[in-house]
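In case you want the letters, here they are:
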Amino acid sequence: MSARGPALTERGRTLEERGPGPVRVTLSVNGVEHALEIEPRVSLLDALREHLHLTGAKKGCDQGTCGACTVWVDGARVLACLTLAMTCEGREVTTIEGLAEGGELHDMQRAFIAEDAFQCGYCTPGQIMSAVALLKEGHAADDDGIKEGMSGNICRCAAYPHIRAAIRAVRDQA
Ligand code: FES
Ligand code: FES
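Residues numbered from 1 in each chain as written. Chains lettered and ligands numbered in written order. Predicted model: local features only at pLDDT ≥ 70, side-chain atom pairs only at ≥ 80, totals over all residues.

As a further point, take the overall build of the protein. Scanning the protein from terminus to terminus reveals six helices and five strands. The linear arrangement of helices and strands in the protein, starting from the amino end, is α-β-β-α-β-β-β-α-α-α-α. Taking all 174 residues of the protein together, 33% fall into the buried category. Restricting to contacts in the protein with at least 6 residues of sequence separation, those with at least 24 account for 53%. (Helix = DSSP H or I, 4+ residues; strand = E, 2+ residues; numbered from the N terminus. Buried ≥ 20, exposed ≤ 12 C-beta atoms within 10 Å, placed from the backbone. Contact = placed C-beta atoms within 7 Å.)

This is the structure in structure tokens:
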């Protein structure tokens, strides 16, 4: 620090506020590797949306309360807004863009359409990523389990009965 105060960066922040600067990270997303140069504080959600332009995962609250940003890391659902991108190096990230296979929608995507399980659709990518994970976790045997397992995914349009119907439909197909 000089006698006139701390040195400022180009955006008027102190070096301490700016942090240690960009780091190189390779993220594998939907089976494709991407080399990124990002600041360590960048969330997985911002890396996906702002750097890789995968905008399926939505930013609802950016503080872990709405579930709109739900993606999978190594097959387990996570809140991308609370996950640092750099901690995902060497792991497989799956987003809603990676759910369809060979141009065919996933059963859960089809069920959401058939059951009319959305209105504005903003929460829908997160709901679908959570719903598929919930079935894999084996906690969707009854409506109480579905409600509990989906409680981290908020729907401002209150499409909950239809979302549960879609989950039941896929569960009962299996
Ligand atoms: S944006 Fe991540 S939980 Fe709301
Ligand atoms: S469909 Fe609008 S927030 Fe869920």
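Now that the structure has been shown, the text picks up again.
In this section: the nonpolar core. Among the nonpolar cores identified, the biggest contains 42 residues, and A80 and A166 are the most heavily contacted of them. At the level of secondary structure, the elements contributing two or more residues to this core comprise strand 1 (23–29), helix 2 (44–51), strand 3 (70–73), helix 3 (107–114), helix 4 (124–137) and helix 6 (160–173). Non-local contacts of A166, meaning those with residues more than four positions away in its chain, are made with M108, A111, F112, E115, A117 and A131. (Core = buried A, V, L, I, M, F, W, Y, C linked by C-beta atoms within 7 Å.)

Turning our attention to helix 3. Within the span of helix 3, buried status applies to M108, Q109, A111 and F112. All buried residues of helix 3 lie within an arc of 160° about the axis, which places them on one face of the element. Counted as exposed and oriented over 90 degrees from the buried face of helix 3: I113 and A114. Residues of helix 3 that are buried sit in contact with helix 4 and helix 6. (Arc of directions from axis to C-beta.)

Time to look at the pairing of strand 2 (residues 32–38). Counting buried positions over the seven residues of strand 2 gives zero, only a small fraction of the element. Summarising the sheet, strand 1 and strand 2 pair through seven bridges and their orientation is antiparallel. Each bridged residue has a counterpart across the sheet, and for V23 the counterpart in strand 2 is I38. (Pairing = 2+ DSSP bridges.)

For the rest of this paragraph, the subject is the sheet that holds strand 2. In space, the five strands of this open sheet follow the order 2-1-5-3-4, with mixed pairing throughout. Every other strand in the sheet has two partners, leaving strand 2 and strand 4 (76–79) as the edge strands with one partner each. Ignoring which end each strand starts from, the neighbouring axes of this sheet average 40° apart. Where strand 3 and strand 5 (residues 92–94) come together, two bridges link them in antiparallel fashion. Bridging across to strand 5, V73 finds its partner in V93. (Axes fitted to C-alpha atoms, helices over the stretch in contact; angles between N-to-C directions.)

The contact between helix 3 and helix 4 brings their axes to 10 Å, and the two run at 125°. Considering their axes alone, helix 3 and helix 4 lie oblique with respect to each other. Relative to helix 4, the crossing made by helix 3 is right-handed. Seen from helix 3, the contacting residues are M108, Q109 and F112; seen from helix 4, they are T124, I128, A131 and V132. Residue composition of the contact of helix 3 with helix 4, by class: five nonpolar, two polar and no charged. (Parallel < 35°, antiparallel > 145°, perpendicular 65-115°, else oblique. Left-handed = near helix turned anticlockwise from the far one by under 90°. Nonpolar A, V, L, I, M, F, W, Y, C, P; charged D, E, K, R; others polar.)

Now for the packing of helix 4 against helix 6. Two quantities define a packed helix pair, namely the angle between the axes and the distance from one axis to the other. Viewed as axis vectors pointing N to C, helix 4 and helix 6 meet at an angle of 40°, and their least axial separation amounts to 11 Å. Considering their axes alone, helix 4 and helix 6 lie oblique with respect to each other. Considering only the axes of helix 4 and helix 6, their crossing is right-handed. Note on element contacts: helix 6 touches helix 4 through I163, A166, I167, V170 and R171, opposite Q127, A131, L134 and L135. Each residue belonging to the contact of helix 4 with helix 6 can be placed in one class, and the counts come to seven nonpolar, one polar and one charged.

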